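An overview of the molecular structure
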Amino acid sequence: MKLTTEAKQAIFEQHGVAKTKTDTGSAESQIALFTTRISHLTEHLKVNKKDFSTRLGLLKLVGKRRRLLNYLQQRDINRYRAIIKELGIRK
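Just so it is clear, the model here is predicted, and its values are computed rather than measured.

**Focus: helix α3 (residues 52-75)**
- In this model α3 runs 35 Å from its N-terminal to its C-terminal C-alpha over 24 residues, within 8% of the 34 Å that 1.5 Å per residue would give.
- Where α3 is concerned, the buried positions are Thr54, Leu58, Leu61, Arg65, Leu69 and Leu72.
- Buried residues belonging to α3 abut α2 (27-47) and α4 (77-87).

So, in structure tokens, the structure goes:
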């Protein structure tokens with residue numbers, strides 16, 4: 001699944017620090033985008049259990065999101081807690 005530009009902009013508006021369409025680089029925006037892609041890939045893998053290349057891509061995305069969350073946790077704990085609560089991610 002390729003996210004459309006409009007869908008990405010909606011994610012950036014909703015979850016970014018600046019709350020604008022162009023806030024594509026903030027950690028919160030990237031984490032929200034990765035979370036959307038992770039949930040889609042998880043649903044795909046529930047149907048296609050033997051799709052190992054997608055599984056590898058999913059694990060890489062989870063690792064990227066984890067590194068961004070660790071970065072945010074070290075830099076600004078309040079922003080970290082807000083994004084965890086907003087997206088419903090558990091650690």
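**Description of the confidence of the model for the protein**
- Model confidence for the protein is summarised by a mean pLDDT of 91, while 98% of its residues fall at 70 or above.
- Per-element confidence in the protein is highest for α3, whose mean pLDDT is 96, and lowest for helix α1 (residues 5-15), whose mean pLDDT is 88.

**Considerations on the packing of α2 against α4**
- One way to put it is that α2 packs onto α4 with a least axis distance of 11 Å and a crossing angle of 25°. Taken together, the axes of α2 and α4 are roughly parallel relative to one another. You can see that α2 and α4 cross each other, and the crossing is right-handed. Together, Glu28, Ile31, Ala32 and Thr35 of α2 and Arg79, Ile83 and Leu87 of α4 make up the contact between the two elements.
- Of the residues that constitute the contact of α2 with α4, the class distribution is 4 nonpolar, 1 polar and 2 charged.

**A closer look at α1**
- Among the residues of α1, Ile11, Phe12 and His15 are the ones counted as buried. Projected down its long axis, α1 carries its buried residues within an arc of 95°, all on one side. Of the residues in α1, the exposed ones pointing more than 90 degrees away from the buried face are Thr5, Glu6 and Gln14.
- Next to the buried residues of α1 lie α2 and α4.

Cut-offs used in this document
Residues numbered from 1 in each chain as written. Predicted model: local features only at pLDDT ≥ 70, side-chain atom pairs only at ≥ 80, totals over all residues. Heavy atoms only, no water. Helix = DSSP H or I, 4+ residues; strand = E, 2+ residues; numbered from the N terminus. Expected span 1.5 Å × (residues − 1). Buried < 20%, exposed > 50% of the residue type's maximum accessible area, 1.4 Å probe, protein only. Contact = heavy atoms within 4.5 Å. pLDDT = per-residue confidence, 0-100. Axes fitted to C-alpha atoms, helices over the stretch in contact; angles between N-to-C directions. Parallel < 35°, antiparallel > 145°, perpendicular 65-115°, else oblique. Left-handed = near helix turned anticlockwise from the far one by under 90°. Nonpolar A, V, L, I, M, F, W, Y, C, P; charged D, E, K, R; others polar. Arc of directions from axis to C-beta.

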